[in-house]
Amino acid sequence: MNTFIRSCLLAFIAAFIFSSCSKSNDEGKMIPKNAVFVASLNTSSLNDKLSWDEIKQTNWFKHFYADEGTADWMRKLMDDPEKSGIDPKGNIVFFAQPVTGNSYNLGFEGSLKDEKAFAEFNKNLDPSATVTKNEKVNLFILRGKSVVGWNDKRFAYVLNSNSIQPVNAGEDNEQPGMGMSSMSTVSMSSFCKNLFSLKSDSSLEKNERYASLISDNGDIHAWINYEELVQNNAGLGMLGMLKLDLFFKDNISTYTVNFEDGKVNVQQKSYAGKDFSSFLKKYEGNKLNGDMISSIPSQDVALVFAMNYKPEGLKQLLTMSGLDGFLNAFIGKMGFSIDDFVSANNGDLMVALTDLKMKTDSMNYIDDQGNSQSSFNIRPDLNYIFSVGIGDKQSFQKLMEAGKTISGQLSNTDNIKFNLNDKTFAVGSDQNMVNEFLKGSKNKFDFHDKLTGHPIGFFVDIHKILSVAGADVSKADDNAKIMIDESLKLWKNVFFTGGEFKDGAIVANTDINLVDQSVNSLNQLNQYFDKISKAALAKIERKKSDQEMTDSMLMPPPIDTIGH
């Protein structure tokens, strides 16, 4: 079993031996204030939904357990993860902190139950390393690539992203000292030690937004600091010149994930700085136009996205970014202005994809020998409708005239059909569909009521897409067929709604629905990946067997030296 798989397996074991995250913000004490990413696992809840005994029954687990490269100490740990010395009543936190450029310090933290067992566990990871003590913190350098520190209550594994090197075939990547230089070792050891004594103003301990996140009931909590991410990305340095830094100041997104019966639910909050928050609150969209959804002239809908926005907010956004003057000068040559665009639209927008199927295109050609041949290409084929609500008719006419200026004419083509009435402008792939859409028929869709009532709504029928797109894929490959079949048994659809400004943030909700609504989604996902991994492992074994047979056939016969 290679190094990468072993590392992933150890992390997976560790993740399931931790229990519920504290609902106070004590968790934030060892997380750097400028962390760009944090993930906190409520493993007490996760273990209730998927136990370690259930994981031990999976094919991939049994495969790694039986692998001849798996050490005895690792098998003992796989049998009982608590033998690592980690406290099963603790918590687990992953974080990434920017250092310079695109370099990040990565951390993995939790609570301890048995220091001696934990030290022995790490000694198994690197028998050549020794423990040093620095201000009540034990430090241990693992294979020259990472550092682990612990006291009587907590532990932290840290490494720098630059020390993660790709594994090259034929190289021994498990030799000590191959990851960090001696200077990096000193730096990471210092960083690890300091995590245990971070001051409150240097950590997330007093961050109200982080405290609010982990107080929400959830299986997983995630935190993304876009301000720090942008500031430490050299490729985004021009944002300040465009005044876009205003939008990223104090820009934080939080996610609370729950594995429920029949679905995975994700609740999102997006925060911004004071000035941009005032903008978001002032220009919050109204409820999306449900009539646009009802007017979709097909019952075979694969995807719908609809929203309502305030066009005047778009103008203000361009002004805040300093792009309004440049854009006005550019579009002024076409005969309209930003004000015309704002007046022309009422803020309603929708796009729908319907009638998905796979189409086979054939092509005849003459090969190098002069023989007539045919080739076939299978591609998706579908219809689409895109619509916008019309505000001021005269202003909208200016936009239509601008379209003529750009294209030289404004007429229907083979793939683009359009039409309009007093309220709506629609573009689509089929003229009859466009005309029917504009008539405003009242079709019934299961997703209609779930999307309406919010400024933004999104629906995608995963099962429908998989059933169409996977029909031909599954014919070519046994593994692909297994994956498609299992996916069809699992995935149903996705609903996303949001856009409201509440409690100082833009909120959103995502439901990833499964076919079976009676069983917890985490349990179903475990079974799904187990069946896929079983097929993948079988394929690996077949390739290995075929290679061994090929090698034996290529091996020259022994030379008979008798009589010579």
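Computed from a predicted structure; not experimentally measured. (Residues numbered from 1 in each chain as written. Predicted model: local features only at pLDDT ≥ 70, side-chain atom pairs only at ≥ 80, totals over all residues. Heavy atoms only, no water.)

**Here's the deal with the overall build of the chain**
Each helix and strand counted, the chain has 21 helices and 18 strands in total. Put simply, the chain has 564 residues, and 44% of those count as buried. Of the contacts formed within the chain by residues at least 6 apart in sequence, a portion of 71% connects residues at least 24 apart. (Helix = DSSP H or I, 4+ residues; strand = E, 2+ residues; numbered from the N terminus. Buried < 20%, exposed > 50% of the residue type's maximum accessible area, 1.4 Å probe, protein only. Contact = heavy atoms within 4.5 Å.)

**Section: the side chain of Asn 526**
Here Asn 526 is to be found in helix H21 (residues 521-554). Excluding anything up to four places from it in sequence, Asn 526 contacts Leu 50, Glu 54 and Thr 58.

**Regarding the nonpolar core**
Among the nonpolar cores identified, the biggest contains 39 residues, and Phe 118, Val 148, Trp 150, Phe 155, Tyr 157 and Phe 259 are the most heavily contacted of them. No other element matches the four residues that H21 contributes to this core. Non-local contacts of Trp 150, meaning those with residues more than four positions away in its chain, are made with Leu 112, Glu 115, Phe 118, Ala 119, Val 131, Lys 136, Val 137, Asn 138, Phe 140, Phe 155 and Phe 196. Formed by 24 residues, the second largest nonpolar core is a distinct cluster that contains Val 137, Tyr 210, Ile 214 and Ala 505. (Core = buried A, V, L, I, M, F, W, Y, C linked by side-chain atoms within 4.5 Å.)

**Re the side chain of Arg 154**
Examined against the element boundaries, Arg 154 turns out to sit in strand S7 (residues 154-160). The side chain of Arg 154 is buried and forms no salt bridge, while Glu 109, the nearest opposite charge, is found at 4.1 Å. Not counting residues up to four positions away in its chain, the partners in contact with Arg 154 are Met 30, Asn 91, Glu 109, Gly 110, Ser 111, Leu 112, Gly 149 and Phe 196. (Lys, Arg positive; Asp, Glu negative; His and termini not counted. Salt bridge = Lys/Arg side-chain N within 4 Å of Asp/Glu carboxyl O.)

**Details of the packing of aromatic side chains**
Overall, the coordinates contain 25 aromatic pairs when judged by the stated rule. With centroids separated by 6.3 Å and ring planes inclined at 70°, the aromatic side chains of Trp 73 and Phe 121 adopt a geometry described as edge-to-face. Of this pair, Trp 73 sits in helix H5 (residues 72-79) while Phe 121 sits in helix H6 (residues 115-125), placing them 48 residues apart in sequence. Using a relative accessible area of 22% as the deciding quantity, one classes Trp 73 as partly exposed. (Phe/Tyr/Trp six-rings, centres within 6.5 Å; stacked < 30°, edge-to-face > 60°.)

**Structural notes on the pattern of salt bridges**
All chains considered together, the criterion is met by 17 salt bridges. The salt bridge partner of Glu 486 is Lys 489, with a shortest N-O separation of 3.5 Å. Taken together, the positions of Glu 486 and Lys 489, both in helix H20 (residues 478-490) and three residues apart, correspond to about one turn of that helix. Here Glu 486 falls in the buried class, since its relative accessible area comes to 13%. In this structure, Glu 486 and Lys 531 form a salt bridge, with 3.8 Å as the shortest nitrogen-oxygen distance. On the criterion of sequence distance, the pair formed by Glu 486 in helix H20 and Lys 531 in helix H21 is long-range, its members being 45 residues apart. Overlapping salt bridges bring together Glu 260, Lys 263 and Asp 511 as one network.

**Focus: the confidence of the model for the chain**
On average, residues of the chain score 85 in pLDDT, and 84% of them reach the 70 mark or higher. With pLDDT under 50 throughout, residues 17-24 is counted as low confidence; its partners more than four residues away or in other chains account for 46 contacts. (pLDDT = per-residue confidence, 0-100.)

**With respect to the environment of His 63**
Within the fold, His 63 resides in helix H4 (residues 59-66). Each C-alpha atom of the pair His 63 and Leu 537 lies 8.4 Å from the other, and the pair is 474 residues apart in sequence. Once residues within four sequence positions are removed from consideration, His 63 is found in contact with Leu 537 and Glu 541.

**Quick word on unusual backbone geometry**
Residue Lys 136 is not a glycine yet carries a positive backbone phi of 70°. Residue placement: Lys 136 occurs in the loop between strand S4 (132-134) and strand S5 (137-142). Here Asp 250, not a glycine, exhibits a phi torsion of approximately 55°, which is positive. Assessed through its relative accessible area of 32%, Asp 250 is described here as partly exposed.

**Re H6**
For H6, the complete set of buried residues consists of Ala 117, Phe 118, Phe 121, Asn 122 and Leu 125. In an axial view of H6, the angular spread of the buried residues amounts to 135°, which keeps them on one side of the axis. Put simply, Asp 114 is the residue that caps the front of H6, since its side-chain oxygen is 3.1 Å from the backbone nitrogen of Lys 116. (Arc of directions from axis to C-beta. Polar contact = N/O pair within 3.5 Å; in protein donor to acceptor, adjacent residues only side chain to side chain.)

**As for the pairing of strand S6 (residues 146-150)**
Burial runs high along S6: five of the five residues are buried. Covered by surrounding structure in S6 are Ser 146, Val 148 and Trp 150 together with Val 147 and Gly 149, the residues of both alternating faces. Two successive antiparallel strands, S5 and S6, enclose a turn made up of three residues, where Arg 143 displays a positive phi of approximately 50°. Where S6 lies against S7, four bridges are found, and the strand directions are antiparallel. When the bridges of S7 are listed, Trp 150 appears paired with Phe 155. Counting the residues in the hairpin turn of S6 and S7 gives three residues. (Pairing = 2+ DSSP bridges.)

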